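Okay, here's what each chain looks like letter by letter:
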Amino acid sequence: RLGSAMGLAASTVKVTGDPRMDVIPGHQHKARMMLLEQARRRGLDGTCLVLVAPTWRDGSDASVDPDALARARMGAHPDAVLFVRAHPHSAEIQALADMANVVPLPPAEFPDITPLLGGFDVLVTDYSSIAMDFAPLGRPVVLVAPDLEAYEQCPGLYESYALFSRGT
C-alpha cells in the first residue's frame, strides 16, 4: 500500500513485509495489559479499547475532535475506553490530558505506538498511515474525514478511502 505513496506500480514492488510490524503479534497481550493499566490509573475500567489517532496537519488542527469523539464513543459504548494518540508535532496532547474518559498517549512517553496496536479493539483516524499499520489485525478501522475532498488535493492520500476500505 505504501508503494502508492511513491508512485510505484504494484508490479514493481515486491511485498516482503514490514519490519516495524513484526512487534505486533508477539506483544498483543502485553500491550493490552499495559493499556488497561493506563486506563485504571485514570479511573477507567472499560474493556473495549479504542485508539483515536488523527494525523497532524501542517498549519491547522487535526480533523478528529477528541472531545466530541470521546462524548460520542462513551455514549455509544459505555464499556469503551478512548485512548488518544496526538501526532508528535501536535499541541493537542496537553488539552487531552485534562479530559475525562480519555487516556492520552503522549509521544514523549510512547515514542512508538506500533507495539501497542495489538492491544486495541478499534482504531479511529482520519488520514494517518496508522490505518495501514492497524489493518492487518483485521479489527475495525473507523475513518473520520470531514474534509476529504480538500485533503485529497493537498497533501493527498497514500491510497483512496474506497480502495483502503475494500482491502481491510
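Scroll up to find the structure this text is about.
Within every chain, residues take consecutive numbers counted from 1 along the sequence as written. Only residues with pLDDT of at least 70 are given local features in this predicted model, and only at 80 or more are side-chain atom pairs given and counted; all residues enter the totals for whole chains, interfaces and linings. To get the side-chain values, all heavy atoms of the structure are used, and hydrogens and water are removed first.

**Quick word on the pairing of strand β1 (residues 48–52)**
And step 1. Of all five residues in β1, four are buried; the element is thus mostly enclosed.
And step 2. Any two strands between which DSSP finds at least two bridges are classified as paired. Helix and strand labels come from DSSP, where a helix needs a run of H or I of at least four residues and a strand needs a run of E of at least two; each type is numbered from the N terminus. In this structure, β1 lies alongside strand β2 (residues 80–84), joined through five bridges in parallel fashion. Considered in β2, the bridge of L51 is made with F83.
And step 3. Both β1 and strand β4 (residues 122–125) contribute to a ladder of three bridges, which runs parallel. Paired with V52 across the strands is V124, a residue of β4. Each residue's exposure class comes from its accessible area (1.4 Å probe, protein chains only) as a fraction of the maximum for that residue type: buried when under 20%, exposed when over 50%, partly exposed otherwise.

**Focus on the environment of L123**
And step 1. Its place among the elements puts L123 in strand β4.
And step 2. Considering only alpha carbons, one finds L123 and V50, 73 residues apart in sequence, at a separation of 5.9 Å.
And step 3. Residue contacts follow a heavy-atom distance rule, with two residues in contact if any of their heavy atoms lie within 4.5 Å. Those residues in contact with L123, other than ones at most four positions away along the chain, are L51, A53, I130, A131, F134, P140, V141 and V142.

**Some words on the sheet that holds β1**
And step 1. In space, the five strands of this open sheet follow the order β3-β2-β1-β4-β5, with parallel pairing throughout. The two strands at the open ends of the sheet, each matched to only one other strand, are β3 (102–104) and β5 (141–143). Strand-to-strand, the axes of this sheet are offset by a mean angle of 25 degrees, without reference to chain direction. The convention used is that axes are lines fitted to C-alpha atoms, helices contributing only their stretch in contact, and that angles between N-to-C directions extend from 0 to 180 degrees.

**Some thoughts on the pattern of salt bridges**
And step 1. A pair is scored as a salt bridge if a Lys or Arg side-chain nitrogen falls within 4 Å of a carboxyl oxygen belonging to Asp or Glu. In total, this model carries three salt bridges according to the counting rule given.
And step 2. Between D121 and R32 there is a salt bridge, with the nearest N and O atoms lying 3.1 Å from each other. In this pair, D121 sits in the loop between β3 and β4 while R32 sits in helix α1 (residues 23–41), placing the two residues 89 residues apart along the sequence.
And step 3. Between R40 and E37 there is a salt bridge, and its shortest N-O distance comes to 4.0 Å.

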